[in-house]
Amino acid sequence: MPILEEQIDITAPGGVVWDHLHQVEDYPRFVGGVREARREGASGIHMDLLAGRGTAHEIDAATEDLHPKETMTWRTSKAPHLSGSVSLLPLDATHTRMQVRMEYDPTEAHNAFGGPKGFAQSSAIERTVRADLHQFKDLVEQAHPAK
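Because the structure is a prediction, the values reported are computed rather than measured. (Residues numbered from 1 in each chain as written. Predicted model: local features only at pLDDT ≥ 70, side-chain atom pairs only at ≥ 80, totals over all residues. Heavy atoms only, no water.)

**Q** Which parts of the structure should I look at to understand unusual backbone geometry?
**A** Pro80 follows Ala79 through a cis peptide bond whose omega is 0°. With respect to the secondary-structure elements, Pro80 resides in the loop between strand S5 (71-76) and strand S6 (82-92). Unusually for a residue other than glycine, Lys69 sits at a positive phi of about 70°. (Helix = DSSP H or I, 4+ residues; strand = E, 2+ residues; numbered from the N terminus.)

**Q** How do you make sense of the sheet that holds S5 when you look at a structure like this?
**A** Sheet strands associate in pairs through backbone hydrogen bonding, adopting either a parallel or an antiparallel arrangement. On the basis of which strands lie adjacent, the open sheet formed by 7 strands has the order S1-S7-S6-S5-S4-S3-S2 and antiparallel pairing. Two strands bound the open sheet, and with one partner strand each, they are strand S1 (3-10) and strand S2 (34-40). Each neighbouring strand pair of the sheet contributes to a mean axis angle of 20°, computed without reference to strand direction. The sheet contact formed by S1 and strand S7 (residues 95-104) spans 8 bridges and is antiparallel. By the bridge assignment, Ile3 is partnered in S7 with Glu103. On top of the sheet, helix H3 (residues 106-113) reaches strand S3 (44-50), strand S4 (56-67) and S7; it is set at about 135° to S4, its chief contact. (Pairing = 2+ DSSP bridges. Axes fitted to C-alpha atoms, helices over the stretch in contact; angles between N-to-C directions. Contact = heavy atoms within 4.5 Å.)

Set out below in C-alpha cells:
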C-alpha cells in the first residue's frame, strides 16, 4: 500500500494543536469533502463525505491516542481501507510540527472517491492532504493568534 507523509509547522503550542485535532465536529472546516463529522463512542468517528462526481460516502474510523498530546492513530473499519497517524513535535513553546502519515489502497480509494488512477491519483491525494493541513494550520492560528 502506498504511504503518504506530510508535515506542517503551526504557530501554536502542542496542547492547543492537540485539542483542535480532537474537535471532530470541526473536521468539515479543514478536511476536504467532509460534510459532517461526529464522535461515536469513546474512540469512533463517523464522517459523511461528498466524494468525486458528487456522490455521498460514509466513513467510520477508530482512533487511538498512543501517546497523549503527541500521537494519534486512526483506521477505517471498512472499505476504503485507510489508516494513519498524526504526530505532534514541539519546536519551541509556541510552535509545533504536525506530521501526518497515511496508508491507503489505491484501488479502494478510486472506487470510493473517484478521480484519476495510478500516479495521478497519488498526486491528487497528496495535494488534498497538503491542502487539508494548511486549512488546519489556518484554523488553529486564527483561533489562537501568536502574541
